[in-house]
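Spelled out, the chains give:
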There are 2 protein chains.
Amino acid sequence: MEKLDHRARVTRMLLRRAFTDLLKEKPIESISVKELCAAAGINRGTFYSHYQDLYDLRRQLEEELVEDLQRALAPLLENAPSPLEVTEGIFRCLRDNADVCTVVLGPCGDRGFVRRLLEGARASYLAGYTRYFAGASQRQLDYFYAFVSAGCIGLLERWLSEGMTTPAEEIAAAAEGIMLRGVGFLETEKG
Amino acid sequence: MEKLDHRARVTRMLLRRAFTDLLKEKPIESISVKELCAAAGINRGTFYSHYQDLYDLRRQLEEELVEDLQRALAPLLENAPSPLEVTEGIFRCLRDNADVCTVVLGPCGDRGFVRRLLEGARASYLAGYTRYFAGASQRQLDYFYAFVSAGCIGLLERWLSEGMTTPAEEIAAAAEGIMLRGVGFLETEKG
DNA sequence: GAAGTAAAACAACACGCTGTTCAATAACAC
DNA sequence: GTGTTATTGAACAGCGTGTTGTTTTACTTC
């Protein structure tokens, strides 16, 4: 069902490459279909035979990123390793999709997508935490998740802005450390 | 220098009210000047005699929010109270500007503005933390700030989404608790 | 209250982007 | 090679934009 014409695949690839390039320097709302097609060297009419509009194109990129994440995380979650290893796996996968991450999670990214992503992960995270912190109220758990999930995104953006030069494992360790110990993370850790 | 004609002030007020109302249901990029003026009952040409475009209008709203924040925080910072009191003051001020907060910090908000805001607060926060955690590296401090500043925004968005029903003091306490103790926040606190 | 001033309304304009259609051309699969 | 399918190029109406005049309305000052 994924069999596409050679030409169609090349066209889509050109469009996506030009799109991600443009998104590195300007938000989606100030990109026109016309300039995207000019950058990609594609006829404007051809674009409309593949996507409804620019938002449709972005949505498809985002969905593929989610699929990549799920593919990368599935084996990790089956083997039930330490939380740190899962976090490491996430950041490694994000690094391997750096170009798309820059687009959807970066400065000109899609806020709505990030929210959808965190909302999807919310259930499993809360399930895990609720077990260990039965004394905490539902509201406290909600606030905690809201804080740390947004915090991880903020850390990820910081990582993206420095070109992902720091190893994924170190970012994962920082995320784990801050989540577990708050400001205490600064007391003993070294970088 | 702030003296404006009565008519001009009414026009600006109508435009801003209509603008914030529209921003509650759709992002700025899918709002046209035409529909904004129709919603405000203002001639389209009049809009252009006040603002360059919709982004100019949004920028002015954001700047006024910053000024409000600074006015509210100045006395707090002079008296040098506890960090918790400063945090409480911030959340109280945000609650008092709920309509603008919903617009610029909410789901359809201005990502760039949030980044500018946190970048501005970065220096003073880091200065405070560096004093107490001289052992931590610059990079660790950067990561910590990236995490907790984004985390506070995430918590704020959660607060906005529930209509700011929870008292500002409780939200501030949660922010402080998570920043200071991480997941340990869930162990003893009650809600 | 009247004169002068400033803002808003109204209409019209060229411009650019949009989304679609059509015939013509090119590249693909069998 | 033949039929199929994608891409091209051109043309089209539609819509929002930003600007420019002109007229009308509302305010300020005396």
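Residues numbered from 1 in each chain as written. Chains lettered and ligands numbered in written order. Predicted model: local features only at pLDDT ≥ 70, side-chain atom pairs only at ≥ 80, totals over all residues. Heavy atoms only, no water.

### Topic: the protein's contact with DNA strand C
For step 1, the next point in the chain: As a structural note, the neighbourhood of DNA strand C is formed by 18 residues, with Arg44 and Tyr48 of chain A together with Thr11, Thr46 and His50 of chain B the closest of them.
For step 2, the next point in the chain: A breakdown of the atoms of DNA strand C within 4 Å of the protein gives sugar and phosphate a share of 66%.
For step 3, the next point in the chain: Between a base nitrogen of DNA strand C and a side-chain N or O atom of Arg44 of chain A, the distance comes to 2.9 Å.
For step 4, the next point in the chain: Taken together, the elements giving at least two residues each to the surface near DNA strand C come down to helix 1 (6-23), helix 2 (33-40) and helix 3 (44-48) of chain A together with helix 1 (6-23) and helix 3 (44-48) of chain B. (Near = heavy atom within 4 Å. Polar contact = N/O pair within 3.5 Å; in protein donor to acceptor, adjacent residues only side chain to side chain. Helix = DSSP H or I, 4+ residues; strand = E, 2+ residues; numbered from the N terminus.)

### With respect to the domain arrangement of chain A
All names here are of chain A.
For step 1, the next point in the chain: As far as domains go, chain A holds domain 1 (1-51) and domain 2 (62-188).
For step 2, the next point in the chain: Distance from the C-alpha centre of domain 1 to the C-alpha centre of domain 2: 30 Å.
For step 3, the next point in the chain: Here domain 1 packs against domain 2, burying approximately 500 Å² in sum over the two surfaces, 69% of which is carbon and sulfur.
For step 4, the next point in the chain: For Glu64, the salt bridge identified is with Arg16, shortest N-O distance 2.9 Å.
For step 5, the next point in the chain: One can count 1 residue pair in polar contact (both at pLDDT 80 or more) joining domain 1 with domain 2.
For step 6, the next point in the chain: Classifying every residue of the side of domain 1 that touches domain 2 gives 2 nonpolar, 1 polar and 3 charged. (Domains from an automatic or database assignment. Buried area = accessible area lost by both parts, 1.4 Å probe. Salt bridge = Lys/Arg side-chain N within 4 Å of Asp/Glu carboxyl O. Nonpolar A, V, L, I, M, F, W, Y, C, P; charged D, E, K, R; others polar.)

### Observations concerning the side chain of Arg12 of chain A
Residues and elements named next belong to chain A.
For step 1, the next point in the chain: With respect to the secondary-structure elements, Arg12 resides in helix 1.
For step 2, the next point in the chain: Here Arg12 occupies a buried position and makes no salt bridge, while the nearest side chain of opposite charge, Glu64, is found at 6.7 Å.
For step 3, the next point in the chain: Leave out the neighbours within four places in its chain, and Arg12 touches Leu4, His50, Tyr51 and Gln60. (Buried < 20%, exposed > 50% of the residue type's maximum accessible area, 1.4 Å probe, protein only. Lys, Arg positive; Asp, Glu negative; His and termini not counted. Contact = heavy atoms within 4.5 Å.)

### Remarks on the packing of aromatic side chains
Residues and elements named next belong to chain A.
For step 1, the next point in the chain: Per the stated rule, a full pass over the model turns up 6 aromatic pairs over all chains.
For step 2, the next point in the chain: Taken together, a centroid distance of 5.7 Å and an interplanar angle of 45° make the contact between Phe47 and Tyr51 tilted.
For step 3, the next point in the chain: Exposure remark for Tyr51: the relative accessible area of 1% places this residue in the buried category.
For step 4, the next point in the chain: Aromatic ring contacts, followed pair by pair, group Phe47, Tyr48 and Tyr51 into a single cluster. (Phe/Tyr/Trp six-rings, centres within 6.5 Å; stacked < 30°, edge-to-face > 60°.)

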